[in-house]
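# Residue-level structural notes
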Amino acid sequence: MPELPEVETVRRGLEGVVVGRRIAEVQVLGRRTVRRQSPAELTIRLVGRSFTTAGRRGKFLLLSLDDDAVLVVHLRMSGQLLHLGGPERPPIAAHTHVVLVLGDGTELRFIDPRTFGEWFVSSDIDSRGVPAELAHLGRDPLLEGLPTAYLAAHLAGRRAPLKTLLTDQRIVAGIGSLYADEICFRAKLRPDRSGGSLTAPESASLAKSARAVLREAVRSRGSSLRDLRYRDLAGSFGSYQDRHAVYDRAGEPCQRCGNRIVRLKIGARSAYCCEGCQL
Ligand SMILES: [Zn+2]
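Residues numbered from 1 in each chain as written. Predicted model: local features only at pLDDT ≥ 70, side-chain atom pairs only at ≥ 80, totals over all residues. Heavy atoms only, no water.

## So, the domain arrangement of the chain
How large an interface is tends to be reported as the accessible area lost when its parts come together. Let me state the cut-off plainly: Boundary definitions for the domains trace back to an automatic or database domain assignment. The criterion used for residue contact is that any of the two residues' heavy atoms lie within 4.5 Å. Once two parts are put together, the accessible area they lose, assessed with a 1.4 Å probe and summed over both, is termed the buried area. Take a side-chain nitrogen of Lys or Arg and a carboxyl oxygen of Asp or Glu: if they are within 4 Å of each other, that pair is a salt bridge. In protein, a polar contact requires one atom able to donate a hydrogen and another able to accept it; more generally it is a pair of N or O atoms within 3.5 Å, and residues adjacent in sequence count only if both atoms are side-chain atoms. Secondary structure is summarised from DSSP: a helix means a run of H or I of at least four residues, a strand means a run of E of at least two, and numbering begins at the N terminus for each. Residues are grouped as follows: Ala, Val, Leu, Ile, Met, Phe, Trp, Tyr, Cys and Pro are nonpolar; Asp, Glu, Lys and Arg are charged; all remaining types, including Gly, are polar.
Per the domain assignment, the segments of the chain are domain 1 (4-134) and domain 2 (141-274). Here domain 1 and domain 2 have C-alpha centroids that lie 28 Å from each other. Between domain 1 and domain 2, the contact holds 22 residues from the first and 23 residues from the second. For the pair domain 1 and domain 2, the summed buried surface comes to about 1,800 Å²; carbon and sulfur atoms form 64% of the total. For domain 1, the biggest contributors to the area lost against domain 2 are Leu4, Glu6 and Thr9; these three give 30% of the whole. Summed over the shared surface of domain 1 and domain 2, the number is one salt bridge. Summed over the shared surface of domain 1 and domain 2, the number is five residue pairs in polar contact (both at pLDDT 80 or more). Of all elements in the fold, only helix H1 (4-17), strand E2 (51-57) and strand E5 (80-84) reach the threshold of two or more residues within the side of domain 1 that touches domain 2. Of the residues forming the side of domain 1 that touches domain 2, the biggest block, ten residues, is contributed by H1. Counted by class, the side of domain 1 that touches domain 2 contains nine nonpolar, six polar and seven charged residues.

## Notes on the pattern of salt bridges
Following the criterion strictly, the structure yields 23 salt bridges and no others. A salt bridge links Glu8 to Arg56; the shortest N-O distance between them is 2.8 Å. Taken together, the residues span a long stretch of sequence, with Glu8 in helix H1 and Arg56 in strand E2 at a distance of 48 residues. A salt bridge links Arg190 to Asp192, with the shortest nitrogen-to-oxygen separation between them at 2.9 Å. Residues joined in a network through salt bridges with shared partners are Glu8, Arg11, Arg12, Glu15, Arg56 and Asp140.

## A closer look at the state of the cysteines
The line we're drawing: Throughout, disulfides are identified as pairs of cysteine sulfur atoms within 2.5 Å of each other.
Across all of its chains, the model carries zero disulfides by this definition. Between Cys184, a cysteine without a disulfide, and Cys273, which holds the nearest cysteine sulfur, the sulfur-to-sulfur distance is 8.5 Å.

## Overview of unusual backbone geometry
For the record, the criterion: Buried, partly exposed and exposed residues are distinguished by accessible area as a fraction of the type maximum, computed with a 1.4 Å probe on protein chains only: under 20%, between the cut-offs, and over 50%, respectively.
The backbone phi angle of Asp68 is positive, close to 75°, even though this residue is not glycine. Examined against the element boundaries, Asp68 turns out to sit in the loop between strand E3 (60-65) and strand E4 (70-74). Among the residues examined, Asp68 registers a relative accessible area of 65% and is labelled exposed. Of note, the phi angle at Thr115 is positive, near 60°, even though the residue is not glycine. With respect to the helices and strands, the residue Thr115 is situated in the loop between strand E7 (107-111) and strand E8 (118-122). A relative accessible area of 19% places Thr115 in the buried class.

Encoded structure:
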């Protein structure tokens, strides 16, 4: 599922192809993608408007419109945005749920086999540019940084495991299962350690590792997994999967200590870690 680095890569692509462009036509083809408002309402609110900025908060894309409303796009499990230009337009692929035709004749298509992804237009925007529907989101590490003191304050006294706390979007917006495992490995901390058990240096290491892993993953244009679902706007894959130290590597030797990577169960989710060097 796309996390902060993948969504940021898509955002950077959108900046180049939608900002300043007018929306000429909207086709809502699937029934699940537009569910907070009717497809007819979404269409009315988009057609004729122009995009002014391409933003992101956590895993949400925030495309601002020239009437100060914001088109929110959430890729969720399997959503993919593709930008198609040129005269040779391929036919609409299976699982295409929304098509935006832009004023320059190019198209933005939303493909989502699992249909958890979502589109809606919000007019209730706060002073930070965040729609009211996303007011619950915590700090975005790329937009606002992730100071040690902030993370430590949210871990203190918590019995929940680190993996659960790192992926809690109300604390840090944008981290999911994959990057939580990589961040814990980098910090040499087990993902099932309780938040409240961390010492001050361990919290500092966790915050530093989160910043570094996310920054490196953005630089690698995200991670494309074996399902090949994640692609950027042009349809290209990311390359950070080649640098995963633990995620989906159960049974392989740890690059730091040589022990075998194991898969743990934390609640209903799994977590990959090295029991040799993560304490
Ligand atoms: Zn190890």
